[in-house]
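Report on the structure
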Amino acid sequence: MKFDRPARRKLFSNSMTVLTGLAIVVIMIPLFAVIYETLSLGGSVLNASLFTQGIPYPCSPRAGVTCQQGGLVVAIQGTFELIALAALISVPIGIGAAIFSVEYGREHAAARIVGLVSDVLSGVPSIVAGVFVYTLVLLYEPTIVFSTLSGSFALAVLMVPIVARTCEEALRTVPNSVREAALALGISKWKTTLRIVLVSALPGIVTGVLLAVARAAGEAAPLLIALGNGCAHPLQGVNQEGCALPLWIYIGATSPYANWIALAWGAALILLVIILALSVISRLTLDRMARRMRGG
Amino acid sequence: MSTATPSKPAPPRRTRTVSKWGDWIFLLLTIVATALIVALMVALLVVLVYGSRSTIQALGLSFLYTKVWNPEGNVYGIVPFAVGTLLTSAIALLIAVPLGIGAAIFLTQQAPGWLRGPVGQLIELLAAIPSIIYGFWGLIVLVPIMRYDIDPVLLRYLGWTGWFSGPDYGLSVLTASLVLSVMAIPTITAISRDSIAAVPRSQKEAALSIGATDWEVTRKAVLPYARSGIIAGIVLGLGRALGETMAVTLTIGNKNAIPTSLFSAGQTIPSLIANDFFEAATPQEIPALLEAALILLIITLSINIGARLALARFQAGRGVGAE
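Residues numbered from 1 in each chain as written. Chains lettered and ligands numbered in written order. Predicted model: local features only at pLDDT ≥ 70, side-chain atom pairs only at ≥ 80, totals over all residues.

What chain B contains, in helices and strands, is twelve helices and two strands. Traced from its N-terminal end to its C-terminal end, chain B shows the element sequence α-α-α-β-β-α-α-α-α-α-α-α-α-α. Expected size for 323 residues packed as a compact globule is a radius of gyration near 20 Å; at 26 Å, chain B overshoots this value by more than 25%. Along the first, second and third principal axes, the C-alpha set of chain B runs to 90 × 65 × 35 Å. Classification of the 323 residues of chain B by burial places 46% in the buried group. Taking all contacts inside chain B whose residues are at least 6 apart in sequence as the whole, residues at least 24 apart take part in 76%. (Helix = DSSP H or I, 4+ residues; strand = E, 2+ residues; numbered from the N terminus. Rg over C-alpha atoms; globule rule 2.2 N^0.38 Å. Buried ≥ 20, exposed ≤ 12 C-beta atoms within 10 Å, placed from the backbone. Contact = placed C-beta atoms within 7 Å.)

Right, here's the structure in full:
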């Protein structure tokens, strides 16, 4: 078959369109495969005991043996404790640094370092954050090297740059006229920043915090290093070995026991739902902010 | 200004002094927060160097070229893991780059408007799924598929290259690279899409007006313009792949040796740290693991900073080019 030149070029162009479209399809395959597998395998252990019982004795079904399914109370509670503590540490630091960068940036050249450092920190591999916290805690308080507290320090290291960066962007969207109006009324700068600028930027800040929480909630690597393994019993306190959903997925996945692997899928399902919920909420908050800015 | 002049007298002096103090304290607090972030970055390096000092002193540069990791004999070398890390990341990019850029081109150039938003959000979702879930899925679902379905085909048709041979249990460098590529794709796609979308319309219209086809417009007018942004996206994707721990740990087979083929088990720097820390690291092995973490940190940070610089230059260049 012979083409004249324009037709051949057109054909080539169209086949490239098909190829790039195929790329989208190929990318979606693992996404749907992972979600499908998590929903179906996690769904099979989804019942009340998943949220009321602790980790069961390890067991694989044999003749004459029935295994307990057990539940993930300890892991769920551990994840919420970790996230709450990590947010408690990272959110004030991130917001404080973002305020310094945006609100005082014109007076202090040093403020520009915030964006730079948070960009660099956001590239730190999560396992390195875990190893860093392990070493640091070992130096100062060896008794809590493997604890919920240590684990939350490691997650905070990962959250700080996300919070700082998104907060910076949110504060920048507040128009200068708002600040000037408040200052012209004689309101002091710190009150202007806290009560007016920060409140106007709140949806953006909330989005940033939720993004950081979603990232931290799914992290397993730093927890392997710094959390220890306190999944077998009810949690003792934040200075004792802890448990978390991602940690349990790792322990269950690498174990040979059927009921532990099934529970790991349950943990994957709960984690996926938490993270999807967080990203939907943060998207809704952003939309509200966008609408309000259009309206104003 | 039509507002009435204030009828109240000026506020008493005391209030002003108090708010002045408030301003100072507030500024101080924000400076403390900033200092903490800067200190964190410095501390990362200092603490890892401090923690690994005994290995650095005892082994010196031999840590960088020794091919054995033997905690019993107190011999540590990073070569097998450096090879594993670079190999898995390279293969992952080989798969992720064409797919990611192709998807970005389709999303910005060809896709109908109603498709762009939802597909973009699905790709963001791909980035939001935790790596431990990818790893778990890889271990339970992908590993058997690779072992029984895909690897035999590769062995049959590509076995002669020597890359696809040897004992194969599905837990392999190839499987880990595939999972890594899934994780690098959203980064590459998102940043490429934004860079391509930022190409001015006039650039495309000029090419169309001289009779270029859709692909010629993309290839000759759009991609060169967006090039540095796309490269930055690829490098950031590489940074993510190099530091990825859980997805690799669960799928690579965790063998402390230089992989002999893509079917053989291996180990990356992050998976080494995760495995040996969590299992039973001897007190003597921990400084060596910390030095491995230090090297990983230095590699990923330099790559990340390089990509950010390229991205900043791209954004600055766009401002000039738009005139």
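Our next topic: the overall build of chain A. Looking only at helices and strands, one finds twelve helices and zero strands in chain A. The order of helices and strands in chain A, counted from the N terminus, is α-α-α-α-α-α-α-α-α-α-α-α. A globule of 296 residues ought to have a C-alpha radius of gyration of about 19 Å, yet chain A, at 24 Å, is considerably larger. In terms of overall dimensions, chain A has C-alpha extents of about 80 × 80 × 35 Å along its principal axes. Put simply, chain A has 296 residues, and 50% of those count as buried. Pairs at least 24 residues apart make up 72% of the contacts formed inside chain A by residues separated by at least 6 positions.

Looking now at the domain arrangement of chain B. When the parts of a complex come together, some accessible area is lost, and that lost area is often taken as the interface size. Residue and element names in this part refer to chain B. Examined at the domain level, chain B breaks down into domain 1 (16–51) and domain 2 (59–321). The centre of domain 1, based on its C-alpha atoms, is set 35 Å off from the matching centre of domain 2. The partner domain 2 presents five residues to the four residues of domain 1 that form the contact. (Domains from an automatic or database assignment.)

Okay, the interface of chain A and chain B next. Tallying the contact residues gives 67 residues for chain A and 66 residues for chain B. Take the side of chain A that touches chain B: its biggest share by element is 20 residues, from helix α1 (residues 5–43) of chain A. Here the residues of the side of chain A that touches chain B sort into 48 nonpolar, 14 polar and five charged. (Nonpolar A, V, L, I, M, F, W, Y, C, P; charged D, E, K, R; others polar.)

When two helices pack together, their arrangement is given by the angle between their axes and by how far apart the axes lie. Relative orientation of the contacting elements α1 of chain A and helix α6 (residues 131–158) of chain B amounts to 80 degrees, with a least axis distance of 10 Å. The pairing of α1 of chain A with α6 of chain B is recorded here as roughly perpendicular in orientation. Touching Ala33, Val34, Glu37 and Thr38 of chain A of α1 of chain A are Ile133, Tyr134, Trp137 and Val141 of chain B, all from α6 of chain B. Looking at the contact of α1 of chain A with α6 of chain B residue by residue, the classes come out as six nonpolar, one polar and one charged. (Axes fitted to C-alpha atoms, helices over the stretch in contact; angles between N-to-C directions. Parallel < 35°, antiparallel > 145°, perpendicular 65-115°, else oblique.)

Quick look at the confidence of the model for chain B now. Where the model shows low pLDDT, its predicted coordinates should not be examined in detail. With 91% of its residues at a pLDDT of at least 70, chain B reaches an overall mean of 86. In the predicted assembly, ipTM is 0.91 and pTM is 0.90. (pLDDT = per-residue confidence, 0-100.)

Locating Ala128 of chain B in the fold gives a position in helix α5 (residues 113–128). Between the C-alpha atom of Ala128 of chain B and that of Pro186 of chain B, which follows or precedes it by 58 residues, the distance is 9.3 Å. Those residues within four positions of Ala128 of chain B in sequence are excluded, and the remaining contacts are Ala214, Ile275 and Ser279 of chain A.

Residues and elements named next belong to chain A. Their axes nearest at 10 Å, the elements helix α3 (residues 73–103) and helix α9 (residues 202–217) cross at an angle of 135 degrees. In terms of orientation, α3 and α9 fall into the oblique class. Every pair of crossing elements has a handedness; the one defined by α3 and α9 is right-handed. Between α3, through Thr79, Ile83, Ala86, Ala87, Ser90, Val91 and Ile95, and α9, the contact on the second element is made entirely by Ile205, Val209, Ala212, Val213, Ala216 and Ala217. Residues belonging to the contact of α3 with α9 are distributed by class as follows: eleven nonpolar, two polar and no charged. (Left-handed = near helix turned anticlockwise from the far one by under 90°.)

Within the secondary structure, Leu125 of chain B sits in helix α5. Residues Leu125 of chain B and Pro186 of chain B, 61 residues apart in the sequence, show an inter-C-alpha distance of 8.7 Å.

The tendency in soluble globular proteins is for nonpolar side chains to be buried side by side. One finds Met159, Trp248, Ile249, Ala264 and Ala267 of chain A together with Ala293 of chain B to be the most contacted residues of the largest nonpolar core, which totals 184 residues. Both domains that meet at this core, namely domain 1 (16–51) and domain 2 (59–321) of chain B, each give it at least three residues. Each residue touching Trp248 of chain A, except ones within four places of it in the same chain, is listed here: Leu72, Ala75, Cys231, Cys243, Leu263, Ala264 and Ala267 of chain A. (Core = buried A, V, L, I, M, F, W, Y, C linked by C-beta atoms within 7 Å.)

For Thr245 of chain B, the location among the structural elements is in the loop between α9 (214–243) and α10 (246–251). Residue contacts for Thr245 of chain B: discarding those within four places in its chain leaves Pro125, Ser126, Ile127 and Ala221 of chain A together with Pro270, Ser271 and Ala274 of chain B.

Turning to helix α5 (residues 126–140) of chain A, a few remarks are in order. All names here are of chain A. In a regular helix each residue adds 1.5 Å, so 15 residues correspond to 21 Å; α5 covers 22 Å between its end C-alpha atoms and thus fits that length. Among the 15 residues that make up α5, twelve are buried, leaving the element largely enclosed by the rest of the structure. By the burial criterion, the buried members of α5 are Ser126, Ile127, Val128, Ala129, Gly130, Val131, Phe132, Val133, Tyr134, Thr135, Leu136 and Val137. (Expected span 1.5 Å × (residues − 1).)

Our next topic: α9 of chain A. Its 16 residues place the ends of α9 of chain A 22 Å apart at the C-alpha level, agreeing with the 22 Å of an ideal helix rising 1.5 Å per residue. Counting buried positions along α9 of chain A gives 13 out of 16 residues, so the element sits mostly inside the fold.

Here the focus is unusual backbone geometry. Trans is the common state for peptide bonds, and a negative phi is the common state for residues other than glycine. Residues and elements named next belong to chain B. Its identity as a non-glycine residue notwithstanding, Asn74 has a phi of 55 degrees, on the positive side. Secondary-structure assignment places Asn74 in the loop between β1 (69–70) and β2 (75–76). Of note in this structure, Asn254 is not a glycine but carries a positive phi near 50 degrees. Along the chain, the position of Asn254 falls in the loop between α10 and α11 (269–278).

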